[in-house]
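Remarks on the overall topology
The lines below spell out each chain.
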Amino acid sequence: KVKDTGYIKKLILVGSPCSGSEMAGLSSSARDLLTQALNVTGPVKFVITGLAYLVKQLKINPATTLKELTPGSQLLQDLALSPMKTGVEYHIIAGNTALLENYSGDDFFLRKVATIVKEKIVYPGLSYALYDKEANDMAVTLKSMFAIPALNKEKQVREVASNHLSYFREPASMNELMNLIHHT
């Protein structure tokens, strides 16, 4: 719980996993893959070892973050019980990969994978395997993004064609963000 200072007048959540993300469950799989890479690969082993050293020196613990983002974690339960403050505007920008099928935006990554998306391989595969067919931004389901008590979806949510990696590069999501920032 954070003490209310009264400084926050507007809160804009961009792709935030308000009720967690199934991606958190992949931490053990990622650790196993890294262990395999260290045991099997030659030059890659030095890069992974260097990254591990950097993470340790920065005192970053990805396992803690992933644990906290697991649906039903204590942190998320505590946040869900926190009431929305009166006088604070709440908004959500939610990416939905299902809206990317006819993508014609400026993001290089999204243009590059547009063909794969059209063939319904990458995003639908993630949606099916990881999110049980729930709409998502590749890392968080829309259901999780919208899991804020008293949220008015019509007034407070902007759904955009984006994935979790492109919110701050993609013109559509950047325009929505700028509109929310400048609208008072």
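Just so we're clear, the structure is a prediction, and the values are computed from it rather than from any experiment.

**A short note on the pattern of salt bridges**
- This structure, assessed with the given rule, holds one salt bridge.
- Note that R158 and E176 form a salt bridge whose closest N and O atoms lie 3.4 Å from each other. Of this pair, R158 sits in strand β3 (residues 157–160) while E176 sits in helix α10 (residues 171–182), placing them 18 residues apart in sequence.
- Classification of E176 by relative accessible area gives partly exposed; the value is 25%.

**A word on unusual backbone geometry**
- Here the phi dihedral of M138 falls at roughly 95°; this positive angle occurs in a residue that is not glycine.
- Here M138 is to be found in the loop between α7 (122–129) and α8 (142–145).
- Judged by relative accessible area, which is 14%, M138 ranks as buried.

**Overview of the sheet that holds strand β2 (residues 89–95)**
- Spatial ordering of the open sheet is given by β1-β2-β3, a layout of three strands whose pairing is parallel. The two strands at the open ends of the sheet, each matched to only one other strand, are β1 (10–14) and β3. On average, adjacent strands in this sheet sit at an angle of 15° to one another, irrespective of strand direction.
- Sheet topology note: the β1/β2 ladder contains five bridges and is parallel. Across the sheet, residue V14 finds its bridge partner in β2, namely I93.

Definitions and limits used
Residues numbered from 1 in each chain as written. Predicted model: local features only at pLDDT ≥ 70, side-chain atom pairs only at ≥ 80, totals over all residues. Heavy atoms only, no water. Salt bridge = Lys/Arg side-chain N within 4 Å of Asp/Glu carboxyl O. Helix = DSSP H or I, 4+ residues; strand = E, 2+ residues; numbered from the N terminus. Buried < 20%, exposed > 50% of the residue type's maximum accessible area, 1.4 Å probe, protein only. Pairing = 2+ DSSP bridges. Axes fitted to C-alpha atoms, helices over the stretch in contact; angles between N-to-C directions.

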